[in-house]
Amino acid sequence: MTGGRRLELAWSDHEGRDCLCIRGWTEAELRALGGLAAAALSRRLAVLPSELAEAATDLHALQSLAGRFEIAEDAIYFIPRFPFLEGTSYSLLVDLAPAEMVWTILRPVRAGAPSTDVVAIYPSGEELPVNQLKLYVHFSSPMSEGWAARSVHVRRADSGESLDGVFLSMEPELWDRERRRLTLLLEPGRIKRGLAPHEEAGYPLIEDVPIVVIVDGAFRDAAGRPLRKGAERRYQVGPAVRVRVDPMKWRYHWPTAGSTDSLTVEFDRPLDHALLEHSLWVNDAAGVPLAGRGSVGDGERSWRFEPQLPWKEGRYALIVDPRLEDLAGNSLIRVFDRDLTQAEDAPSDARQAAIDFTCLPPVTPLRTKQTS
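Residues numbered from 1 in each chain as written. Predicted model: local features only at pLDDT ≥ 70, side-chain atom pairs only at ≥ 80, totals over all residues. Heavy atoms only, no water.

Here we take up the pattern of salt bridges. Under the criterion given, the structure shown has 20 salt bridges. Taking the shortest distance from any N to any O, the salt bridge between glutamate 325 and lysine 134 comes out at 3.3 Å. In this pair, glutamate 325 sits in the loop between strand S21 (314-320) and strand S22 (353-359) while lysine 134 sits in strand S10 (residues 134-139), placing the two residues 191 residues apart along the sequence. With relative accessibility at 11%, the residue glutamate 325 sits in the buried group. (Salt bridge = Lys/Arg side-chain N within 4 Å of Asp/Glu carboxyl O. Helix = DSSP H or I, 4+ residues; strand = E, 2+ residues; numbered from the N terminus. Buried < 20%, exposed > 50% of the residue type's maximum accessible area, 1.4 Å probe, protein only.)

Pasting the structure below:
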């Protein structure tokens, strides 16, 4: 603490949310702070990891934790957007200008062994294009914010050399709603030809140089505990892919009426795993989505639909969302890593694709009459 003030910091619960409780304010201070708009209040108060505050030469330039302050009775509560990390010290900064007053508090570590694993790393195939756009890491439990840059690394598989600047620095990080799937964007400025980062540094990956994507065991789950163990996946790096996704180049295996056989689609290249989970579906003749389950095949090179009920004889349509992408970010609408001088690669206004098909009864083989 500095400035001779006394404030009391404690971990607490406010309206069912885990938070930091700050007491010790005078009535005049609470009235003054209570009269401020949320944005103005956040300029007067800030919470951030102590290691950042201790290393900073200019506290005004620090980015505080995402969250909000609420005033209730004699206390001010800070409710974070993402959970606090166990074993981490946090600092409260008050009145950043003109005086700087800082209080710290340690988030205790709860007892318990690590219990979270890396479930999968996507793409699941063995090769990436040199202009690969995204990677996904799936975890078995909700995870903490702020560990991706520290705990996910890319190294050359041949030499072990670290490849720096591969991923785009994201704040906040890209998590799904359950905070179990992390999306890592490879630096788009280095992927798109014609942009300065690409001209200066080239692609984040190097063609014909194999890589290993490593998820460090220090990555913390929502309870602040490390993973049970780290994970890694090795990839070969192949040539760039710069062609729109075209459903007319796919192979289709249509079901027969009266059966519960799967409709299966084989792609001409691996596609984006997360987008595949909600970019294809089947409509009946009236345009109503058919009840059933879609699943992604090995290496994200196929998709199958299992109907809830047997197929009826008649017409159907396989619908493809135009935003479906391949590994390099190419969709039905655009080529992501396109030559800006090529008009044919410019983004289009393509709508969803519909591949019509008809379910027919199975063909009954003709019987030949035997003569004696």
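The structure having been displayed, the exposition proceeds.
Once that is clear, we can look at the side chain of aspartate 117. Its place among the elements puts aspartate 117 in the loop between strand S7 (101-106) and strand S8 (118-122). Looking at aspartate 117, its side chain comes within polar contact range of the side chain of arginine 228, at 2.6 Å. (Polar contact = N/O pair within 3.5 Å; in protein donor to acceptor, adjacent residues only side chain to side chain.)

A word on the nonpolar core. Ranked by size, the top nonpolar core spans 53 residues in total, and within it Trp25, Phe139, Leu182, Ile211 and Phe219 carry the most contacts. Look past the residues within four positions of leucine 182 in its chain and what remains in contact with it is Leu135, Tyr136, Val137, Phe139, Ala148, Val152, Glu173, Leu174, Trp175 and Phe219. Within the second largest apolar cluster, 23 residues are counted, among which are Trp250, Leu271, Leu276 and Trp303. (Core = buried A, V, L, I, M, F, W, Y, C linked by side-chain atoms within 4.5 Å. Contact = heavy atoms within 4.5 Å.)

The subject of this paragraph is the sheet that holds strand S13 (residues 181-185). Strand order in the open sheet made by the four strands is S8-S10-S13-S12, with antiparallel pairing throughout. Strand pairing shows two members of the sheet lacking a second neighbour, S8 and strand S12 (174-175), which therefore form its edges. Judged from the two bridges that link them, S12 and S13 form a sheet pairing that is antiparallel. The residue bridging tryptophan 175 from the neighbouring strand is leucine 182, located in S13. (Pairing = 2+ DSSP bridges.)

It is worth spelling out the side chain of lysine 134 at this point. Accessibility expressed as a relative area gives 14% for lysine 134, which makes it buried. Residues in contact with lysine 134, not counting those within four places in the same chain, are Pro123, Thr183, Leu184, Leu185, Leu186, Asp272, Leu275, Glu325 and Leu327.

One open sheet accounts for three strands, arranged S18-S21-S22; its pairing is antiparallel. The sheet terminates laterally at strand S18 (280-283) and S22, the two strands that pair on one side only. Direction aside, the axes of adjacent strands within the sheet are offset by 25 degrees on average. As paired elements, S18 and S21 share four bridges and run antiparallel to each other. Bridge pairing links asparagine 283 to alanine 317 in S21. (Axes fitted to C-alpha atoms, helices over the stretch in contact; angles between N-to-C directions.)

Looking at the largest pocket, its volume works out to about 1200 Å³. Mapped onto the lining of the largest pocket, the elements with two or more residues apiece are helix H3 (50-55), strand S6 (89-94), helix H4 (148-151), strand S11 (152-156) and S13. Here the lining of the largest pocket gets four residues from one element, more than from any other, and that element is S13. By residue class, the composition of the lining of the largest pocket is 25 nonpolar, 11 polar and seven charged. Of the volumes computed, that of the second largest pocket is approximately 230 Å³. Lining the second largest pocket are 14 residues, with Leu290, Leu309, Pro310, Lys312 and Tyr316 positioned closest to its centre. (1 Å grid on protein atoms, 1.4 Å probe; cavity = no way out; pocket = protein on both sides within 12 Å on 5 of 7 lines; lining within 4 Å. Points joined across faces, edges and corners; volume = space filled by probe spheres on them. Nonpolar A, V, L, I, M, F, W, Y, C, P; charged D, E, K, R; others polar.)

On inspection of all chains with the given rule, the structure shows zero disulfides. The structure places no disulfide on cysteine 19, whose sulfur is separated from the nearest cysteine sulfur, that of cysteine 21, by 6.5 Å. (Disulfide = S-S within 2.5 Å.)

All chains considered together, the criterion is met by one cavity of 30 Å³ or more. Estimates place the volume of the largest cavity at around 40 Å³. Lining the largest cavity are Tyr122, Pro123, Gln132, Lys134, Tyr136, Asp272, His273, Asp326 and Leu327. For the lining of the largest cavity, the residue count by class is four nonpolar, two polar and three charged.

Moving on: the packing of aromatic side chains. One pass over the full model with this rule turns up 17 aromatic pairs. Between the aromatic rings of phenylalanine 78 and phenylalanine 84, the centroid separation amounts to 6.3 Å while the plane-to-plane angle is 55 degrees, which identifies the pairing as tilted. What makes phenylalanine 78 buried here is its relative accessible area of 1%. The interplanar angle of 25 degrees and the centroid separation of 6.2 Å between the aromatic rings of tryptophan 303 and phenylalanine 305 together place this pair among those described as stacked. Classification of phenylalanine 305 as buried rests on a relative accessible area of 4%. Feature note: the residues Trp250, Tyr252, Trp254, Phe267, Trp303, Phe305, Trp311, Tyr316 and Phe357 constitute an aromatic cluster, connected by ring pairs. One Lys or Arg, arginine 150, reaches over the ring of tryptophan 147 and ends 3.9 Å from the middle of that ring. Directly above the aromatic system of phenylalanine 336 lies the positively charged group of lysine 192, at a separation of 4.7 Å from the ring centroid. (Phe/Tyr/Trp six-rings, centres within 6.5 Å; stacked < 30°, edge-to-face > 60°. Lys NZ or Arg CZ within 6 Å of the ring centre and 35° of its normal.)

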